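# Descriptive structure summary
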Amino acid sequence: MSAFIAIEGLEGAGKSSVIAALKALLEKHDITVVTTREPGGTPMAEAIRDCVKKDWEGERVTQQTELLLMYAARSQLVENVIKPALDKGNWVLGDRHDLSSVAYQGGGRGVPLETLAALRQMTLGEFAPDFTLYLDIEPELGLARARGRGELDRIEQAGLGFFERARATYLEHINALPNAVLIDASQGIKAVQNDATAALEHFIKGQS
Ligand code: T5A
């Protein structure tokens, strides 16, 4: 048995620390874990990540370019890393996946959902996470945490309204997903990790 778990949420929600705790939990169950991040996770996808996060000195990055780069990176990662890992019986913990595009490019930038659906169909077909953990945080708090760990990149400088729309879109979609859990990420790190590991433990039990 294998499973692809996506960890979603705005900047500073705590996805990295949650993934470390989930990995430890899975390893206690003798499960081999592969961790990924999006955009990124293969040499080419990491190059796309640098490209998409970089500030191009006054050149406007169009919403179409940003969208296509996200799906190009995702296609590379899914075909070269995620599917092969799942085929070997490993579990995959993904720091972001397709729901990020729905929230950021769809909600944040205003790309129509039909456009996203067409691109998803072209690059992923029916491939989707088996379980999604969404770490919910107010943009102001998340961005303050992100600022605390370093300078904000091009996307992080998009403004509060962008992140408010992204969060609203996350909330709308997470409530409609069958295998998804929302976690209050405004709590302290330990509490967020505890809630996340409890949710994953519940998912694991349901698989056996
Ligand atoms: N993007 C991505 C799109 O627009 N579309 C897409 O389809 C995809 C896949 C990726 C960017 O690309 C965008 C979204 C992003 O803007 P990234 O650097 O990977 O860039 O961005 P994030 O994933 O958002 O990175 P962050 O590091 O900001 O988020 P995390 O992983 O959620 O946060 P984390 O764990 O690194 O924590 C950040 C800081 O907060 C502290 C940590 O110690 C750290 O300093 N922290 C807490 N402090 C107090 N209490 C807690 N509960 C805390 N949790 C973490």
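Figured I'd write up the structure that's included with this text. Bear in mind that the values here come from a model prediction, so they are computed numbers and not experimental data. Position numbers for residues count from 1 along each chain, tracking the sequence in the order it is written. Only residues with pLDDT of at least 70 get local features here, since the model is predicted, and only at 80 or more are side-chain atom pairs given and counted; chain-wide, interface and lining totals rely on the full set of residues. Values shown for side chains rest on all heavy atoms present in the structure; no hydrogens or waters enter the calculation.

## Remarks on the pattern of salt bridges
To keep it simple, the criterion reads: When a carboxyl oxygen of Asp or Glu is within 4 Å of a side-chain nitrogen of Lys or Arg, the pair counts as a salt bridge. Per the convention used, a helix needs a DSSP run of H or I reaching at least four residues, while a strand needs a run of E reaching at least two, with both numbered from the N terminus. For the exposure calls, accessible area comes from a 1.4 Å probe over protein chains only, and a residue counts as buried if that area is under 20% of its type's maximum, exposed if over 50%, partly exposed in between.
Across all of its chains, the model carries twelve salt bridges by this definition. Here R74 makes a salt bridge to E38, at a shortest N to O gap of 2.5 Å. In this pair, R74 sits in helix α3 (residues 63-87) while E38 sits in the loop between β2 (33-37) and α2 (43-53), placing the two residues 36 residues apart along the sequence. Of the two residues, R74 and E38, both sit in the buried class. Taking the shortest distance from any N to any O, the salt bridge between D153 and K53 comes out at 2.9 Å. Here D153 is found in the loop between α6 (139-148) and α7 (160-174), whereas its partner K53 is found in helix α2, with 100 residues between them in sequence. The network of salt bridges with common partners includes E38, R74, D98 and R120.

## Things to note about the packing of helix α1 (residues 15-28) against helix α8 (residues 189-207)
Heads up, the rule is: To obtain an axis, a line is fitted to C-alpha atoms, over the contacting stretch when the element is a helix, and the angle between two such axes runs from 0 to 180 degrees between their N-to-C directions. Here the word oblique covers every angle except those under 35 degrees (roughly parallel), over 145 (roughly antiparallel) and from 65 to 115 (roughly perpendicular). Crossing handedness: left-handed means the near helix sits turned counterclockwise from the far one by under a right angle, and right-handed means the same turn made clockwise. Whether two residues are in contact is decided by their heavy atoms: any pair within 4.5 Å suffices. Residues were grouped as follows: Ala, Val, Leu, Ile, Met, Phe, Trp, Tyr, Cys and Pro as nonpolar; Asp, Glu, Lys and Arg as charged; and all remaining residues, including Gly, as polar.
It is at 9 Å that the axes of α1 and α8 come closest, and there the two elements cross at 40°. With respect to their mutual orientation, α1 and α8 come out oblique. Where α1 crosses over α8, the two elements pack in a sense that is right-handed. Here α1 contributes S17, V18, A21, L22, L25 and L26 to the contact with α8, which in turn contributes I189, V192, Q193, A196, T197, L200, E201 and I204. Here the contact of α1 with α8 is built from residues that sort into ten nonpolar, three polar and one charged.

By themselves, these figures tell us nothing about what the structure is for.
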